[in-house]
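Coordinates in review
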Amino acid sequence: MAVRACGLIIYRRLQSAPSSKVTDGIEYLLLQTSYGTHHWTPPKGHVDPGEDDLQTAFRETQEEAGLQANQLTLIEGYKKELHYPVRGKPKTVIYWLAEMKDCNTEIKLSEEHQAFQWLKLEDACKYAEYEDMQAMLKEVHQFLSTKE
């Protein structure tokens, strides 16, 4: 049985980006874990008994980044499953996409994380060491650029 986790890829649009491309002003939220290799990841966590996947994603985002569901807009049409082994056991992580309603909302970290960054796509891919995470961020960026 694969371990199951769910999370949100959170982005904000910087209003001050006077550019031709809608995606130029987009930054993604990554959190740095305070354990292990201190890797960077969107907020995510394990599904609790009785929870559905999307409830888990919102609960974990609230716990790890201090963001309430009403501060985010869930973006229709994007959902991604990543599959990878953790300590020899299969893990499935499901991500949805959400936009910050107010790009200046404060991020409040839990003890699980020691830092956060708002990053443009290129930098977010550098911070996210795993290839599947980098590919997902690029896919999200492409998805957002076609939505406008």
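Residues numbered from 1 in each chain as written. Predicted model: local features only at pLDDT ≥ 70, side-chain atom pairs only at ≥ 80, totals over all residues. Heavy atoms only, no water.

Per an unreviewed UniProt entry, the protein chain carries the name Bis(5'-nucleosyl)-tetraphosphatase [asymmetrical] and comes from Mesitornis unicolor. Regarding the protein chain, the UniProt comment filed under Cofactor (unreviewed entry) reads as follows: "a divalent metal cation". Check the Function (unreviewed entry) section of the UniProt entry for the protein chain; it says "Catalyzes the asymmetric hydrolysis of diadenosine 5',5'''-P1,P4-tetraphosphate (Ap4A) to yield AMP and ATP. Exhibits decapping activity towards FAD-capped RNAs and dpCoA-capped RNAs in vitro." (UniProt positions renumbered as here; feature names shortened; annotations may be inferred.)

Remarks on the layout of surface pockets
Roughly 640 Å³ of volume is contained in the largest pocket. Along the wall of the largest pocket there are 26 residues; nearest its centre are Tyr35, His39, Lys44, Val86 and Lys91. Those elements giving two or more residues to the lining of the largest pocket turn out to be strand 1 (3-13), strand 3 (40-41), strand 4 (44-46), strand 5 (72-86), strand 6 (89-100) and helix 3 (131-147). Considered class by class, the residues forming the lining of the largest pocket number eleven nonpolar, eight polar and seven charged. (1 Å grid on protein atoms, 1.4 Å probe; cavity = no way out; pocket = protein on both sides within 12 Å on 5 of 7 lines; lining within 4 Å. Points joined across faces, edges and corners; volume = space filled by probe spheres on them. Helix = DSSP H or I, 4+ residues; strand = E, 2+ residues; numbered from the N terminus. Nonpolar A, V, L, I, M, F, W, Y, C, P; charged D, E, K, R; others polar.)

A word on the environment of Met100
Positionally, Met100 belongs in strand 6. Residue class for Met100 comes out buried when judged on its relative accessible area of 4%. For the pair Met100 and Phe58, spaced 42 residues apart in the sequence, the C-alpha separation amounts to 13 Å. Filtering out sequence-adjacent residues up to four positions away, Met100 remains in contact with Ile10, Tyr11, Arg12, Leu67, Gln71, Leu72, Thr105 and Trp118. (Buried < 20%, exposed > 50% of the residue type's maximum accessible area, 1.4 Å probe, protein only. Contact = heavy atoms within 4.5 Å.)

Observations concerning helix 3
Here helix 3 is 17 residues long and its end C-alpha atoms lie 24 Å apart, about the 24 Å a rise of 1.5 Å per residue gives. Residues Met133, Met136, Leu137, Val140, His141, Phe143 and Leu144 constitute the buried set of helix 3. Projected down its long axis, helix 3 shows its buried positions confined to an angular sector of 160°, all on one face. In helix 3, the exposed positions angled more than 90 degrees off the buried face are occupied by Glu131 and Thr146. Those residues of helix 3 that are buried lie in contact with strand 1, strand 2 (26-33), strand 3, strand 5, strand 6 and helix 2 (121-127). (Expected span 1.5 Å × (residues − 1). Arc of directions from axis to C-beta.)

With respect to the pairing of strand 1
Judged by how many residues are buried, strand 1 sits mostly within the fold: eight of eleven residues are covered. As defined by bridge partners, strand 1 adjoins strand 6 across nine bridges and the pair is classed as parallel. Looking across to strand 6, one finds that Tyr11 is bridged to Glu99. Here strand 1 runs beside strand 4; their pairing, made up of three bridges, is antiparallel. Residue pairing for strand 4: Ala5 is matched across the bridge by His46. Strand direction decides the pairing type here: strand 1 and strand 2, joined by three bridges, are antiparallel. The partner of Arg13 across the bridge, within strand 2, is Ile26. (Pairing = 2+ DSSP bridges.)

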